[in-house]
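As a plain string of letters, each chain reads:
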Amino acid sequence: MAMKGLQKIVRSVRDFGRGMSRVPSLPLPPKVPSIGLALGGGFARGIVHIGVLKVLEEENIPVGYVAGTSVGALVGSAYCSGVSPVELEGVASRVRFRDLARWTLSRYGFATNLRMISFLNNLLKVKTFEELRIPLAITATDFMLVDGMLAHSLPTTPVREMGAERVLAVNLRSSWTKAEGPRHIFDVIGQCFSIAQDMNCAQAKRCADLVIEPDVTGYRYDDFEQSAALVRLGETATRAALPEIRKWLEPAVQLKPVPSKTALVHPALDLEGN
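This text gives an overview of the structure that appears in the document. (Residues numbered from 1 in each chain as written. Predicted model: local features only at pLDDT ≥ 70, side-chain atom pairs only at ≥ 80, totals over all residues. Heavy atoms only, no water.)

## Considerations on the packing of helix 2 (residues 48–58) against helix 9 (residues 227–248)
Here helix 2 crosses helix 9 at 45°, and the two axes come no closer than 7 Å. Compared by their axis directions, helix 2 and helix 9 come out oblique. You can see that helix 2 and helix 9 cross each other, and the crossing is right-handed. Taking contact as the criterion, the partners of V48, I50, G51, V52, K54, V55, L56 and E58 in helix 2 are, on helix 9, L230, V231, L233, G234, E235, T238, R239, L242 and I245. Of the residues that constitute the contact of helix 2 with helix 9, the class distribution is 10 nonpolar, three polar and four charged. (Axes fitted to C-alpha atoms, helices over the stretch in contact; angles between N-to-C directions. Helix = DSSP H or I, 4+ residues; strand = E, 2+ residues; numbered from the N terminus. Parallel < 35°, antiparallel > 145°, perpendicular 65-115°, else oblique. Left-handed = near helix turned anticlockwise from the far one by under 90°. Contact = heavy atoms within 4.5 Å. Nonpolar A, V, L, I, M, F, W, Y, C, P; charged D, E, K, R; others polar.)

## As for the sheet that holds strand 8 (residues 166–170)
If you trace the five strands from one edge of the open sheet to the other, you get 5-2-1-8-9, paired in parallel fashion. Unpaired on one side and paired on the other, strand 5 (136–138) and strand 9 (210–212) mark the two borders of the sheet. Taken pair by pair, the neighbouring strands of this sheet meet at an average axis angle of 15°, ignoring direction. As paired strands, strand 1 (residues 35–39) and strand 8 are joined by five bridges and run parallel to one another. Bridge pairing links G36 to V167 in strand 8. The strands that helix 9 touches are strand 1, strand 8 and strand 9; relative to strand 9, the one it contacts most, it runs at about 165°. (Pairing = 2+ DSSP bridges.)

## Details of the environment of T139
With respect to the element layout, T139 can be found in the loop between strand 5 and strand 6 (140–141). We classify T139 as buried; its relative accessible area is 9%. Residues T139 and A67 lie 72 residues apart in sequence; the distance between their C-alpha atoms is 7.5 Å. Here T69 takes part through its side chain, which lies 2.7 Å from a polar atom of the side chain of T139. (Buried < 20%, exposed > 50% of the residue type's maximum accessible area, 1.4 Å probe, protein only. Polar contact = N/O pair within 3.5 Å; in protein donor to acceptor, adjacent residues only side chain to side chain.)

## Focus: helix 3 (residues 71–81)
In terms of burial, helix 3 is a largely internal element, 11 of the 11 residues being buried. Taken as a whole, helix 3 has its buried residues at V71, G72, A73, L74, V75, G76, S77, A78, Y79, C80 and S81. Trailing helix 3 by a residue or two, G82 shows a phi angle of about 120°, which is positive.

Read these as spatial facts, not as claims about activity.
Have a look at this one:
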């Protein structure tokens, strides 16, 4: 009797297994690609990045990685440390060139950004890369680790190497000087940087899936007083790009192949698409 009972249990388990093999597999959960944000340099014009971040947060676009150059590194580090875009907008409305740097003549160059140390200490919510809520890469040129604009004016390659599957780049292309020409030697040097930046960006753009280029024409490198207008430029340019960005968040849902004719149908699954 015991043997017959055991055989009956084995048959039941076998029949159950056959039935389960005919149940169609459920859809795999859609995988959202990791999005990396590459924030280019541009000094005061980089306030545009705040507008970009505002829209991404308002539209629930997840940012998985950030790479920044120059002012892009400053905005990116603050954001990754936990400073919200709204908070950044408030900071931008108060900050001026004198809070970040000053012109000076030394054997290292024509400007010093030592004042930025105090500025960042007051701004950042954490003090180490390991504490950041979003992974961050900051570019620097291997020449006493000066501004990364010389090496990666638009840091798409670094953010791709971090693991981003989709790269959204924000490029602040503009002339350093206005139409009337340079005002002093620093404008001449700045315009040289702008020319180098444009040449450097060509390759960087090819590494991006989408490039946002807000029109910052007419804004000077030190136009911190125009922060509200620059934030709006970033918002407008990003909203125009939203349809393309949203496509990244709508991956096709694939069904695993069903090994045999369907005998049992999961009640939550309608194979006819209704």
